[in-house]
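# Descriptive analysis of the structure
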Amino acid sequence: MLTLANVIWGARCGESARRVLLGETGSRGHAYSVRRRCESAYDRKAPHGLPSSRLVSTNPFDLWVNVWRKKWAHGEVAVIRYADDVILGFQHQTDADRFLENLQERLGMFGLELHPDKTRRIEFGRFAEENRRRRGEGKPETFDFLGFTHISAKNRLGRFTVRRKTIRKRMRAKLREIKQQLRERMHDPVRQTGQWLKSIVQGHLNYYAVPGNLDSLGIFRDRLIGHWWRTLRRRSQKRPISWERTLALANRWLPQPRVLHPYPAVRFAASHPR
C-alpha cells in the first residue's frame, strides 16, 4: 500500500503548489522535488541519505507522472515528493479527478492501492477561500506534509500565502518524550541538562523555524520550560526552585525562536546582493 498525501486543486493552484515547493526545497533538509524532471534512478542520489532501494521503488511513479502530465494535463501541474509521500497540485479540478482515477487504475494493475486514510483531494489555492464562500462552504481544508500543517492563508498585505505550522500531534509527542527523558535526568547537574535541552531546542528550530511558524515554536519552548521547572522542583522538597530562577536558566540555555529558513526570495537577495 502506497502513501499519497494529498491531491490539491484550485484556480491557479499550480502557483500555490510552487510556493509550497519553494518553501520546502529551499533548504537541503526539506522536501525532494521531481517536478518536470525525468532521471534514471541509477544517476540520482537519494535525498536525506535514504536507501537506494526506496528511491528506485518510487522512480516508476516519477516516470509515469511525467508521461501523464505531457499527455493529459490541461493546466499547471506540480509534483512534490519525498520518498513515498507525495503532494500533487493541479490548476483544474478535472485534471485532479482524472489523475486520481488514472493513478488508482495504474496501481491496480500491479496489485497496489493508495492508503485510504492518507489520500485526499482538496481545494487549495489562491481563490479557494473565495470559491468556497460563494458555495456556502467553510474555510479551505489543510493538509500535513513533512511535519508541517499547510494552511491557505493571507499575509499582512492581504495576499495569498501558504502558511506552515508544526503538526500538533507531532509536537505533543515530542514534548511527552522530552518529559520522560527529563525525569530520567532529574538528578543530573543543571548545566548538563541545560546543554542537552539546548541541543533539543536548536535541533527543533533547525527544521521547523520557517516563516509563519514562530507561534508554534514559542509554544514548544514554553512547554519545555514548564516540564523542566516541574522536574527541578521534584529534586528537593526543602528548597524548590522558583519560576523566576527557571526562566533565568532557560534564557541562558534555550535558544529563542527565530526564522532560520526564510523565503527563497530573501535567501537569494542575501546571497546575491545588487
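All of the points below concern the structure found in this document. (Residues numbered from 1 in each chain as written. Predicted model: local features only at pLDDT ≥ 70, side-chain atom pairs only at ≥ 80, totals over all residues. Heavy atoms only, no water.)

### Concerning the environment of Phe220
Mapped onto the elements of the fold, Phe220 is located in helix H7 (residues 214–233). Classification of Phe220 by relative accessible area gives buried; the value is 1%. Sequence separation between Phe220 and His204 is 16 residues, and the spatial gap between their C-alpha atoms is 9.1 Å. (Helix = DSSP H or I, 4+ residues; strand = E, 2+ residues; numbered from the N terminus. Buried < 20%, exposed > 50% of the residue type's maximum accessible area, 1.4 Å probe, protein only.)

### A short note on the nonpolar core
Among the nonpolar cores identified, the biggest contains 24 residues, and Ile178, Leu197, Leu224, Trp228 and Leu254 are the most heavily contacted of them. Within the residue set of this core, elements represented by two or more residues are helix H5 (168–184), helix H6 (190–208), H7 and helix H8 (243–253). Ignoring sequence-local partners within four residues, the contact set of Leu254 consists of Leu197, Lys198, Val201, Arg221, Leu224 and Ile225. One finds Val86, Phe90, Ala96 and Leu103 within the second-largest nonpolar core, a separate group that totals 15 residues. (Core = buried A, V, L, I, M, F, W, Y, C linked by side-chain atoms within 4.5 Å. Contact = heavy atoms within 4.5 Å.)

### Describing the sheet that holds strand E8 (residues 160–166)
Strands in a sheet are paired, the pairing made by backbone hydrogen bonds, and the direction either parallel or antiparallel. With antiparallel pairing, the 3 strands of this open sheet are ordered in space as E6-E7-E8. Pairing within the sheet leaves two strands with one partner each, and these edge strands are strand E6 (143–145) and E8. Neighbouring strand axes in the sheet, compared pairwise and without regard to direction, differ in orientation by 40° on average. Where strand E7 (residues 148–154) lies against E8, 7 bridges are found, and the strand directions are antiparallel. By the bridge assignment, Ala153 is partnered in E8 with Thr161. (Pairing = 2+ DSSP bridges. Axes fitted to C-alpha atoms, helices over the stretch in contact; angles between N-to-C directions.)

### Quick word on H8
In an α-helix, one turn spans 3.6 residues; hence positions three or four apart end up facing the same way. Buried within H8 are the following residues: Thr246, Leu249, Ala250 and Trp253. The arc enclosing the buried residues of H8, seen along the axis, measures out at 100°, which places them on a common side. In H8, the exposed residues that point more than 90 degrees away from the buried face are Glu244, Asn251 and Arg252. Residues of H8 that are buried in the fold lie against H6 and H7. (Arc of directions from axis to C-beta.)

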